[in-house]
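# Per-entry structural report
So the chains spell out like this:
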Amino acid sequence: MIYITDKTDFKITDECALTLGKFDGIHRGHQKLLSKVREHSPKMKTVVFTFDMNPTYIVKGITGTLLTTNEERRSVVERFGIDYLYECPFTDEIRNMEADDFVRKIVSDLNVKYIAVGRDFGFGHNRKGDCKLLEKMAPELGYELEVVEKETYEGREISSTYVREVIAEGDMVTAEKLLGYPYAVMGTVGYGRQLGRTMGIPTTNVLPIKTKLLPPNGVYASKVKIEGETHMGVTNIGVKPTVGNENEKGAETFIFDFHEDVYGKDITVELYYFIRQEMKFASLTELKAQMERDIAFTRDYQFD
């Protein structure tokens, strides 16, 4: 997959099948759109057009709102066999562009012959653009438009809002059903206080970017992907109340039957099941005993 970012002007000469939107979470509804554009491959190049929203959120001081970071979104889209992921910077020029001008620019720059969008898709200045505008402009610009119905789960339309709600509740089982894959945290392993090592339970520490939405503080049955291999583990989401005064919320994972040095390496922590709330223990001995119970529970947990 070709990944384009930090560019407001990018051109493709091949005919393209396009879907566009925020694609936060890449849930099953988004995946339906990806499948629609993939139906036009290899006759056309497949393109996902989205925005680099992270800097905008950071400037506004909003934290913990994004289901996927840019890198996580890139990783998921690539798994679906898409040719291009175009992550356009959300500049003032793009933000204030009128909807019809935006359509003309995208269709011309990317040589678009087919567009798939969800029924509630909105775009352009003040979100004045919608499916009706895309349908109206199709004959003029020479593309086919397909408006795709929403995917549902238990009678409710799947959306990024729905996914955020269940993650905020710590319901990782339902989150996986909505996403079609486990909710994950990607990041580079950093150094902690290494107290887990002194207890015989060494852990890896990942601090995601501030805009990443994390579930409630607590302990989760997890899997960890490292350099193409997958390992079972127990992950604590939180600030380590027993061992210090850390202020940053992160993901600390004990990886089962794993003894390699992974400091500085990128890993993906998949969260499958909420075991218990994060709590403060009177001593490291009590903490170790509870961690051993968490490990035993996870070893018996029936992962999908």
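This structure is a prediction, so every number in the text was calculated from the model and none was measured.

### Concerning the pairing of strand β3 (residues 45–52)
- By the criterion of burial, β3 is predominantly enclosed, with seven of the eight residues buried.
- Direction of pairing for strand β2 (residues 16–20) relative to β3: parallel, over a ladder of five bridges. Note on β3: the bridge partner recorded for Ala17 is Thr46.
- Bridge count for β3 against strand β4 (residues 84–89) is six bridges, and the pairing is parallel. From the neighbouring strand, Phe51 faces β4, where its bridge partner is Cys88.

### Examining the sheet that holds β4
- Across the sheet, which stays open at both edges, the six strands sit in the order β1-β4-β3-β2-β5-β6 with parallel pairing between neighbours. Of all strands in the sheet, those bounded by a partner on one side alone are β1 (2–5) and β6 (144–148). When strand polarity is set aside, the average angle formed by the axes of neighbouring strands in this sheet is 20°.
- On the sheet, helix α1 (residues 28–38) packs against β2, β3, β5 (112–118) and β6 and is oriented at approximately 160° with respect to β5.
- In the packing of helix α5 (residues 99–110) onto the sheet, contacts are made with β2, β3, β4 and β5, and the angle to β3 comes to roughly 135°.

### Describing the pattern of salt bridges
- Using the criterion set out here, one finds 20 salt bridges in the structure.
- A salt bridge links Arg164 to Asp24, with the shortest nitrogen-to-oxygen separation between them at 2.7 Å. Here Asp24 lies in the loop between β2 and α1 and Arg164 lies in helix α7 (residues 160–168), a separation of 140 residues in the sequence.
- For Arg164, a relative accessible area of 26% gives the class partly exposed.
- Asp92 is the salt-bridge partner of Arg95, the closest N and O atoms lying 2.3 Å from each other. With a gap of three residues between them, Arg95 and Asp92 both fall in helix α4 (residues 92–95), about one helical turn apart.
- For Arg95, a relative accessible area of 29% gives the class partly exposed.
- Relative accessible area serves as the criterion here: at 53%, Asp92 is assigned to the exposed category.
- One network of salt bridges, in which partners are shared, links Asp9, Lys11, Lys105 and Asp109.

What counts, and at which threshold
- Residues numbered from 1 in each chain as written.
- Predicted model: local features only at pLDDT ≥ 70, side-chain atom pairs only at ≥ 80, totals over all residues.
- Heavy atoms only, no water.
- Buried < 20%, exposed > 50% of the residue type's maximum accessible area, 1.4 Å probe, protein only.
- Helix = DSSP H or I, 4+ residues; strand = E, 2+ residues; numbered from the N terminus.
- Pairing = 2+ DSSP bridges.
- Axes fitted to C-alpha atoms, helices over the stretch in contact; angles between N-to-C directions.
- Contact = heavy atoms within 4.5 Å.
- Salt bridge = Lys/Arg side-chain N within 4 Å of Asp/Glu carboxyl O.

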